[in-house]
Amino acid sequence: MDDQTSSPVAIILVSSGSRGDKLLFRYPYIGPQTAENTVKKSVQNPYAVRLADDQQVEKKRPGSCLSKGHLFGFTDDLLAAILATKSELCGQKFELKINDLRFIGHPTLMHYGSKGQVSPKSEGPSMILFNIVFALKAAASISVIQCYHDFSKRLAIALRHEEHRCGYLSHEAKVMLGVVDEVAALPEADFDSQSPFSLMLNKSELARDLKHVYLSLCSNGDVRINVNHWIEVSFCLPHKAHCQSRLLDHMVIKPEQINKCLEVLRPYHAMLLLDDANKLIAELSPDMSPALIRVFRVTTPLKSLRDLGADADLTLRQVFYLVSHLVYWAKATIIYPLCETNVYVLSPNASLQVNATLASRFVEHFPGMSLHAVMEDFSLPTQLREQGNPLGLPHQQVQQVQTVVWMLQHRLLVQLHTYVFLVPTSGPSSLLIKSRSTDTVGHGSQEELQEADSRRISGLSNFSDTDSVASEYGSPQGSFVASYSGLESDMANMKAGLSVDLDEGRLPTRLKELLPDELSSEEKEAILSVPAARSPEDFKMFARLCPYFQGCHHLEEIMYCENVRRSTLLTLLDKFRSVLVTCQHEDRVTTVFHNL
Amino acid sequence: MAAPKESKIECLLFSEFHPTAGPKIMYQACLYAYVRYVLDFPENYIDKELFDAIHIYIITKPQLQGRLIMSNAFGKKIMGCPVCIDHPKYARNALIFNLCFVFDGLANSRPYEKPVRKLSRYLVSLERESGFLSNEESKQTLPRIMAQILTDLNEQGSCAVEVNQVTTIYLKTLLVINNPGEVHMYDVPIFTVQCDSFHSHQWDLTTQQILPYIDGMRHVARISVESDVAISLVKSCLQNMLYYGIIKLLPIFQYSNVYTVTSKINRLAQDRDLQNECNKYVAKPGQLGFPCFRDIFMLFCSLGPGTPVKDWCARHNPQQLKVDERRLIQFGVLHGLLRRIHKYPVLLTNEPGSQNLRLLSRWLNGQHHYDEICCRTGLSYSVLDEMIEDDPTIVVCWK
C-alpha cells in the first residue's frame, strides 16, 4: 500500500505574473474523461457561453479527486488558481490537501526579494513567482511528503538560478504559453484531438525534463536531470529506490530507517555495493567527489570501513559520509566483512517463489546452480567455511563466496551474531537491568568508537592483524586498558598470596573490585566461584570484558573494540559459561534492512 | 478513544464571504476558551495577513466547494469544508461560509476530518431549516458554540452542543488505526486483555458465539468447526477484535515447530516488569514456587533455527525447571521475543514423482508453509513431512 502512495499522481508547473496565474505544464495531461474539458477550459474566450451545468456537475461529485490514478475534476485554470500562491507563501513549504489528494510544492519568487533587482529583460510579460507541485495521494506518509517537498525545492532553486543566468524559465514559459495560444487558435476539429501539452513536449525542453522526472519517480524513484543542460538536479526517493532495484516489491525502506542504520554504523562494518563498481562509476555525474571513485575502486565486501579509509586515503569520518550517502541512494548496503566464521541464515523476507525473476537472474549469474537449492542450504544457520564442499576446487569455493555476496545484495540472507549476557545468579542480572547511567559502553556513540579506532590505528599502524593480537596484553588501548595497566602491578604483587587466599575459601577483595560496580556482591561471588576465576589471567580478562556482556555487543564487536582474537574470546566464554548465557540473532543494521 | 495529545485543535475559525468586503474572518475561538468578536482584528490567532494569504483555500472557487481542504502554511494547519448555499434571498444570491479547524503545522489532523465534514453539514441544515446563519441574532450564538466544541473535542474527544430546541451537534474524533493484518485459517487467536474486562454481551451475536472458543490453543479453522460458524465469519469477527487490540494472533503450537529468538530479547534482560510478568506467565501450574530467571532466559536463548521444540524440550527439560514450555513460547511470541520459523516446501520441477504429491503441487510453489498446507489439505504434519521427504524434486526452506 505504501509503495503505491509514494508514486506521484501528477507533476504541475504553475506561474504567476503580470498575465495572471498560469498553468504552464502538467504531466500526465490526459485525464481520460477530462481531456476534452481541459482543452476547452484553457481557451479564454470572453464570448463563450458559460455553462452553469458544467460546474454543477463537478460540485455534486463528493467523492474522489482521482479517477484511474489521474487527477480528476481539476481544470487547468483551477489548478493555476490554487497552486500559484500569494507571494507571502513563497520560500516555504506548500501543502494543500483536497479530499484524497495532496499537493506538495515550494513556491518560489523569481527574484530575491531583498535585492530588489528588476528582471533583466523587463520588456514582455514578467513572471513573479513559480511553483513546481507534485500531486500525491493524501495517504502518503510524512516522510514521503518531506522528500517530495525537498525535491520541489531543489528544482525550484535550479530553475531560479538558470533564470538569473540566462532567462531560461522565462523563455520556456513563453514557449509553453505560445503553444497554448497556438492550439487555441486552431480550428475546432483539430483542437479537440490535440492537447497543448503534447505539443509542448516537442517544443520545450523543460516540459520534457518534467515528464522525465515524473516517469522516473513512478518507476524507480531515482531522478537525475540537467536543467538547461547545466545544473544537475538529482533526487532519490528511498521508499522506492531500495525496493525496486532489488526486486523486493513488498519491502519499503524509509529514510528514518536508513538514518537509524547509519547511527549504528561502526568502523568494523563493511560496505557491499549493490551493483558492479564499474557500472556505478559510469553512472556517476561528472562533478562528483573524486574520493567516491577511490572508494569504489578499493572497496570489497571483505574490507572493513577502517581499512577502506586507509586504502582510499580518507579519514574515517569521510568514509562514513560517503558510505552513508551510498546507502541512502540504494547503491550500497552495510554488512559485516565477509569472513569464514560468519554465520548466515535465510532472511524471513526472502521470496521463495518458483519461476520468479529473482531465480532466473540467479541462474544467469551462476549457470548450473539453483537458487532454491542454495536457499535450502541456508535454511539452517551456516558458517561460511562450512558451506559447500571443503575439498572442492578453489574456483568452486570462489563461486560459493560469490553466491553469498549475490544473496546478500538481494537481501536474501541475514547474518547471525552471537550476543553474550552475564547472568551469574538465578535471579535477573543487575548488570543488565536498564539504567541509563551505567551504560558506559552500552551505546558507545560513533564518535567514541571512531576515537578508539584512531587511537588504535596510531598505536598499531605497523602491525598486521596477527601481530596486533599477539601484543594485545601489552598494548594500551584507550581508557579501559589504561585503567587496568595500573592494576597490573597490583595483580602481580597479589599473585603470590593469592593462591593461599583462595585455598582457604576467602575471597580477595582486590579481585572483586575489578568487576563492574553494578553487580551485587552475591553476583560477584558467583562469578568468583567459577573454577576459571582462579586463574588471574582469565579472571582479569573476564573482568575487562564484563561491560560487553549485556547483550548489546556481538562477538565481532567485542573482538574489534578490545582487540581480542576470536579463539581467545570463545575459550574465555566457554570457561565462564556457567555465569553466561549466549544467544544468536541478527544485529541492528540487519534489522533495519530486513524490516525485522 | 481520545485523540492523541499532540493533535489538539488550537482554534476554530468561522469565515464568510461578505457581500461587500469579500472573504472575511467572522469569529475565532482559540484554545484558551476566550472568544473574541472580531471587528477590527485585534491580536488574534489567525491574523489578517495570514488570512489574506490563504483565504483562497478557505473561501474557495466554486469547483472546490463541498470538499475537505487542508492547507498548511506559516506553521498552521487549517482544515475546513467550504460551503455555498444558493438562494435568491441572500445578497449576491449565495451564502458562502466555512468553519475551519486550526492545528499546529505538525499536528496530526486526520482524526478531525470526519468532524469537520459533519459540522459543515450541520451548519448547512441549520441554515436551510431556520436561517441560523443569516439571522443576526442566532448568529451571535455561534462563538459560544464554537468555543464549546473546541474545549469538548480537545478534552473529551467528543461533544454534544445544543444549538436550539431541535438541533444538537454531536461530534466525535476518530483515531485512525491501521488496518489489522489478514486472519488466516491456521492462526490461533489469544486475548491480550482479561476476558471479563470487556462486556461480551455488547458484541454482535456471531462474535459472542465464538468468544468461548478463543483460548490461545484452538486455531481459526477449528474454532469455525466447533462453534459451527462459517470460517469467513469467524475470520471477520476476529479481524474486528484484532482491530481493537483485544486479541493477537499466534501460530499453532506443535512440538515440530521451530522458533528463534529476536533482538528484542534484550528487553527481557533489561526490563524488570517484563521479567516479573514473564515469571508468572510461564510458571508451570500446580508447582510450588516460580521458575528462576536464569533458567527462563537460558530457555529463550537456546531456541534457534534447527531446534524444533521437541528437541529443545528433550535437551533442557523445561518441566523440571518449573516452566510450562507452551506458555513460555506463547509469551515469547506475544512480546516479540521469539519469532516462528516456518517450513516451506518448494517443488522445482513441474511433475512431482508420486501420485499423492500431484494433488499437493499447487501448494508447493514456495508461498505456502507447512501450517497452511496441513490446514487446507487436512494432512497431519508427519504425513505431509513423509511425503515431502520422499520426493527428491522438492527442496525445503526454513525462514
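Analysis parameters
Residues numbered from 1 in each chain as written. Chains lettered and ligands numbered in written order. Predicted model: local features only at pLDDT ≥ 70, side-chain atom pairs only at ≥ 80, totals over all residues. Heavy atoms only, no water. Helix = DSSP H or I, 4+ residues; strand = E, 2+ residues; numbered from the N terminus. Rg over C-alpha atoms; globule rule 2.2 N^0.38 Å. Buried < 20%, exposed > 50% of the residue type's maximum accessible area, 1.4 Å probe, protein only. Contact = heavy atoms within 4.5 Å. Areas by Shrake-Rupley, 256 points an atom, 1.4 Å probe, with all protein chains shown as cover. Lys, Arg positive; Asp, Glu negative; His and termini not counted. Charge placed at Lys NZ, Arg CZ, Asp CG, Glu CD. UniProt positions renumbered as here; feature names shortened; annotations may be inferred. Disulfide = S-S within 2.5 Å. Core = buried A, V, L, I, M, F, W, Y, C linked by side-chain atoms within 4.5 Å. Pairing = 2+ DSSP bridges. Arc of directions from axis to C-beta. pLDDT = per-residue confidence, 0-100. Buried area = accessible area lost by both parts, 1.4 Å probe. Salt bridge = Lys/Arg side-chain N within 4 Å of Asp/Glu carboxyl O. Polar contact = N/O pair within 3.5 Å; in protein donor to acceptor, adjacent residues only side chain to side chain. Phe/Tyr/Trp six-rings, centres within 6.5 Å; stacked < 30°, edge-to-face > 60°. 1 Å grid on protein atoms, 1.4 Å probe; cavity = no way out; pocket = protein on both sides within 12 Å on 5 of 7 lines; lining within 4 Å. Points joined across faces, edges and corners; volume = space filled by probe spheres on them.

**Considerations on the overall build of chain B**
- The number of helices and strands found in chain B is 15 helices and 15 strands.
- Rg of the C-alpha trace for chain B: 30 Å, well past the compact-globule value of 21 Å for 399 residues, more than 25% over.
- Structurally, chain B occupies a C-alpha span of about 85 × 55 × 40 Å along its principal axes.
- Split into buried and exposed, the 399 residues of chain B put 54% on the buried side.
- Of all intrachain contacts in chain B linking residues separated by at least 6 positions in sequence, the fraction that spans at least 24 positions is 63%.
- Taken as a whole, chain B presents about 18,700 Å² of accessible surface, with 50% of it coming from carbon and sulfur.
- Charged side chains in chain B number 42 positive and 40 negative. The centres of these two groups are separated by 1 Å.

**Regarding the overall build of chain A**
- A tally of regular secondary structure across chain A gives 27 helices and 17 strands.
- For chain A, restricting intrachain contacts to residue pairs at least 6 apart in sequence, the fraction spanning at least 24 positions comes to 71%.
- Roughly 26,400 Å² of accessible area belongs to chain A as shown, and the carbon and sulfur atoms make up 53% of that amount.

**Digging into the UniProt feature "domain: GATOR1 complex protein NPRL3 C-terminal HTH" (unreviewed entry) in chain A**
- Look at the UniProt record and you will see "domain: GATOR1 complex protein NPRL3 C-terminal HTH" (unreviewed entry) annotated at residues 520-581 of chain A.
- What you have in residues 520-581 of chain A is 58% helix and 11% strand, and the ends, taken at the C-alpha atoms, are 18 Å apart.

**Describing the state of the cysteines**
- For the structure shown, the criterion picks out zero disulfides over all chains.
- Here Cys278(B) is not disulfide-linked; the sulfur of Cys301(B) is the nearest cysteine sulfur, at 11 Å.

**Structural notes on the nonpolar core**
- Membership of the largest hydrophobic core comes to 90 residues, with the highest contact counts inside it found for Phe25(A), Phe74(A), Ile82(A) and Phe103(A).
- Each residue touching Phe103(A), except ones within four places of it in the same chain, is listed here: Ile12(A), Phe74(A), Leu79(A), Ile82(A), Leu83(A), Phe94(A), Glu95(A), Leu96(A), Ile98(A), Val133(A), Phe134(A) and Ala135(A).

**So, the pairing of strand S14 (residues 343-347) of chain B**
Residue and element names in this part refer to chain B.
- For S14, the tally of buried residues reaches five of five residues, placing the bulk of the element in the interior.
- The alternating pattern of S14 places Lys343, Pro345 and Leu347 on one face and Tyr344 and Val346 on the opposite face, and all of these are buried.
- As paired elements, S14 and strand S15 (residues 394-398) share five bridges and run antiparallel to each other. Its bridge partner lying in S15, Leu347 is registered against Ile394.

**As for helix H16 (residues 357-365) of chain A**
Residues and elements named next belong to chain A.
- Looking only at H16, the buried set comprises Leu358, Ala359 and Phe362. Projected down its long axis, H16 carries its buried residues within an arc of 100°, all on one side.
- Contacts from the buried residues of H16 go to helix H17 (371-377) and helix H18 (394-409).

**Examining the environment of Ala80(A)**
Residues and elements named next belong to chain A.
- Looking at where Ala80 falls in the secondary structure, it is placed in helix H4 (residues 76-83).
- The spacing of Ala80 and Val401 is 321 residues in sequence and 57 Å in space, taken between C-alpha atoms.
- Once residues lying within four places of it in the same chain are set aside, the contact partners of Ala80 are Val14, Asp21, Lys22 and Leu23.

**Quick word on the confidence of the model for chain B**
All names here are of chain B.
- Here chain B averages 85 in pLDDT, while 92% of its residues score no lower than 70.
- Across residues 1-5, where pLDDT falls below 50, the model places eight contacts with residues more than four positions away in sequence or in other chains.
- Note on residues 33-43: pLDDT under 50 across the span, and 17 contacts to partners over four residues away in sequence or across chains.

**Points about the interface of chain A and chain B**
- The partner chain B presents 53 residues to the 62 residues of chain A that form the contact.
- Taken together, both faces of the contact between chain A and chain B bury some 5,000 Å²; the carbon and sulfur share is 58%.
- Here chain A and chain B share one salt bridge between them.
- Between Lys97(A) and Glu113(B) there is a salt bridge, with its nearest N and O atoms 2.4 Å apart.
- Where chain A meets chain B, there are 14 residue pairs in polar contact (both at pLDDT 80 or more).
- If you list the elements that add at least two residues to the side of chain A that touches chain B, you get helix H3 (52-60), H4, strand S5 (94-98), strand S13 (343-346), H17, strand S16 (550-554) and strand S17 (580-585) of chain A.
- Per-element accounting of the side of chain A that touches chain B gives the leading share, six residues, to S17(A).
- Where S5(A) meets strand S4 (residues 69-73) of chain B, four bridges bridge the pair, whose relative direction is antiparallel.

**Observations concerning the packing of aromatic side chains**
Residue and element names in this part refer to chain A.
- This model, assessed by the stated rule, comprises 26 aromatic pairs over all chains.
- Ring centres 6.4 Å apart and planes at 15° place the aromatic pair Phe25 and Tyr27 in the stacked group. In this pair, the class of Phe25 matches that of Tyr27, namely buried.
- Aromatic pair Tyr268 and Tyr336: ring centres 6.0 Å apart, planes at 55°, arrangement tilted. Of this pair, Tyr268 sits in the loop between helix H11 (255-263) and strand S11 (270-273) while Tyr336 sits in the loop between strand S12 (332-335) and S13, placing them 68 residues apart in sequence.

**Quick word on the pattern of salt bridges**
Residues and elements named next belong to chain B.
- With the rule as written, the count across this model stands at 26 salt bridges over all chains.
- A salt bridge links Lys343 to Asp385; the shortest N-O distance between them is 2.9 Å. Here Lys343 is found in strand S14, whereas its partner Asp385 is found in helix H15 (residues 381-390), with 42 residues between them in sequence.
- Each of Asp215, Arg218, Arg222 and Glu226 takes part in a single network of salt bridges with overlapping partners.

**Quick notes on empty space enclosed by the protein**
All names here are of chain A.
- Enumeration according to the criterion identifies ten cavities of 30 Å³ or more in this entry.
- Looking at the largest cavity, its volume works out to about 190 Å³.
- For the largest cavity, the lining is made up of 17 residues, of which Ile334, Ile335, Leu408, Thr590 and His594 are closest to its centre.
- Those elements giving two or more residues to the lining of the largest cavity turn out to be S12, strand S15 (413-422) and helix H27 (588-593).
- Here the lining of the largest cavity takes four residues from S15, the largest share from any one element.

**Brief notes about the pairing of strand S6 (residues 101-105) of chain A**
All names here are of chain A.
- The buried fraction of S6 amounts to five of the five residues, a majority that puts the element mostly inside the structure.
- Where burial is concerned, the two faces of S6 agree: the one with Leu101, Phe103 and Gly105 and the one with Arg102 and Ile104 are both buried.
- The sheet contact formed by S6 and strand S8 (residues 127-137) spans five bridges and is antiparallel. Paired with Arg102 across the bridge in S8 is Leu136.

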